[in-house]
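Architecture at a glance
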Amino acid sequence: MLEIPAQIWQKTKTSYIWRSLFRHGYPDSRKNQSLAVFTNVFLHLHPVKVRRHALAIPYTWCMGGLSFFLFLILTLTGTLLMFYYHPSVDGVYNAYGDIKDLETVVVFGQLLRNMHRWAAHGMVITVFLHMIRVFYTGSYKPPREFNWVIGTLLFFFTILLSYTGYLLPWDQLAFWAVTVGYEIARATPVIGDEFAFVAFGGFQLGPNALLRFYVLHVVGLPLLTGFLIAIHFWRIRKDGGITGPL
Ligand code: HEM
């Protein structure tokens, strides 16, 4: 049988492992640069090529990108906040007490809470400005009308995320602000009481409403929003990238 010299065997083995991970050469040519993006699970989410105008801040105001950035910050800080927060109205560990502890005794708690709050306010503003930019540049026109519809849903879910999060500190501000929402829901024609009952979990604002808002805030709405953002980005690519200045 043919003996493979140790040196060559070693080299073949290394290049085998290398090639099992990276199926392209060093990204120093256009082809290898494209392959580096195509064959990487994270990089392939971004288009291989973008037009120069797509990166022009005066055109996009970068508001879509900033909205996504804030969504990621919110997911990260929100997950960390979940380690401390109990969606409960009484007992030793309760929502109001947990937020007070975060503000006063938890190390970096105040920073964490404020990052989450400010990013939430910021996201409402950036998503709104992004919508204004898309309208202003006429980018809602065919073939992008479907993405405009996805966008309006994203705007709606951003507001809902903000609203459900507002109740979670369970302080006076939260309680009475959401009571206003409850009364508005009750004023829905014909099905007002039933709608308010389902949305808030009872005939008045109490523990059920807190739990319901918590589950929507940390699971339902972020998942839906993340899913819609993925469709939004995929659609931008299928529509030939973003529009450009005429
Ligand atoms: C979570 C919310 C949202 C995120 C993260 C997001 C993200 C983005 C990003 C990154 C772009 C690429 C261009 C740019 O940055 O301007 C974009 C484009 C676009 N977005 Fe959004 N978006 C959101 C909400 C919305 C809303 C509320 C609307 C409209 C109702 C909308 C409609 C569009 C349309 C039509 C485009 C294509 C624009 C063009 O071709 O010039 N998006 N979005």
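Here the structure is shown first, and the text comes after it.
First things first, this report covers the structure right here in the doc. The shown structure was predicted, so the numbers you read here are calculated from the model rather than taken from an experiment. (Residues numbered from 1 in each chain as written. Predicted model: local features only at pLDDT ≥ 70, side-chain atom pairs only at ≥ 80, totals over all residues. Heavy atoms only, no water.)

1. Some remarks on the coordination of the iron atom of the ligand
For the iron atom of the ligand, the full set of protein donor atoms is His130 (NE2) and His232 (NE2), and the range of their distances to it is 2.1 Å. On the basis of relative accessible area, His232 is assigned to the buried category, the value being 13%. (Donors = N, O, S within 2.8 Å, 3.2 Å for Na, K, Ca; no water. Buried < 20%, exposed > 50% of the residue type's maximum accessible area, 1.4 Å probe, protein only.)

2. Quick notes on the site of the ligand
Near the ligand lie 23 residues; those nearest to it are His130, Arg133, Gly151, His232 and Thr243. Here a nitrogen atom of the ligand sits 2.8 Å away from a polar atom, N or O, in the side chain of His130. At 2.8 Å, a side-chain N or O of His232 approaches a nitrogen atom of the ligand. Of all the secondary-structure elements, those providing two or more residues to the shell around the ligand are helix H4 (63-81), helix H6 (109-136), helix H7 (145-167) and helix H10 (207-238). If one sorts the elements of the shell around the ligand by residue count, H6 sits on top with six residues. Considering only residue class, the shell around the ligand consists of eleven nonpolar, ten polar and two charged. (Near = heavy atom within 4 Å. Polar contact = N/O pair within 3.5 Å; in protein donor to acceptor, adjacent residues only side chain to side chain. Helix = DSSP H or I, 4+ residues; strand = E, 2+ residues; numbered from the N terminus. Nonpolar A, V, L, I, M, F, W, Y, C, P; charged D, E, K, R; others polar.)

3. Section: the nonpolar core
When a protein is soluble and globular, its nonpolar side chains tend to lie buried together. One finds Tyr85, Leu167, Phe200 and Leu210 to be the most contacted residues of the largest nonpolar core, which totals 20 residues. When residues of this core are assigned to their parent elements, the largest contribution, four residues, is made by H10. Residues within four places of Leu167 in sequence aside, it is in contact with Ala174, Phe175, Val178, Leu205, Ala209, Leu210 and Phe213. Formed by 13 residues, the second largest nonpolar core is a distinct cluster that contains Met123, Val127, Leu161 and Leu221. (Core = buried A, V, L, I, M, F, W, Y, C linked by side-chain atoms within 4.5 Å. Contact = heavy atoms within 4.5 Å.)

4. What about the packing of helix H8 (residues 172-186) against helix H9 (residues 192-200)?
Running from N to C, H8 and H9 point in directions that differ by 140°, and their axes come no closer than 7 Å. One way to sum up the angle between H8 and H9 is to call them oblique. Each of Val178, Gly181, Tyr182, Ala185 and Arg186 in H8 lies in contact with H9, whose residues at this interface are Gly192, Asp193, Phe195, Ala196 and Phe200. Considering only residue class, the contact of H8 with H9 consists of six nonpolar, two polar and two charged. (Axes fitted to C-alpha atoms, helices over the stretch in contact; angles between N-to-C directions. Parallel < 35°, antiparallel > 145°, perpendicular 65-115°, else oblique.)

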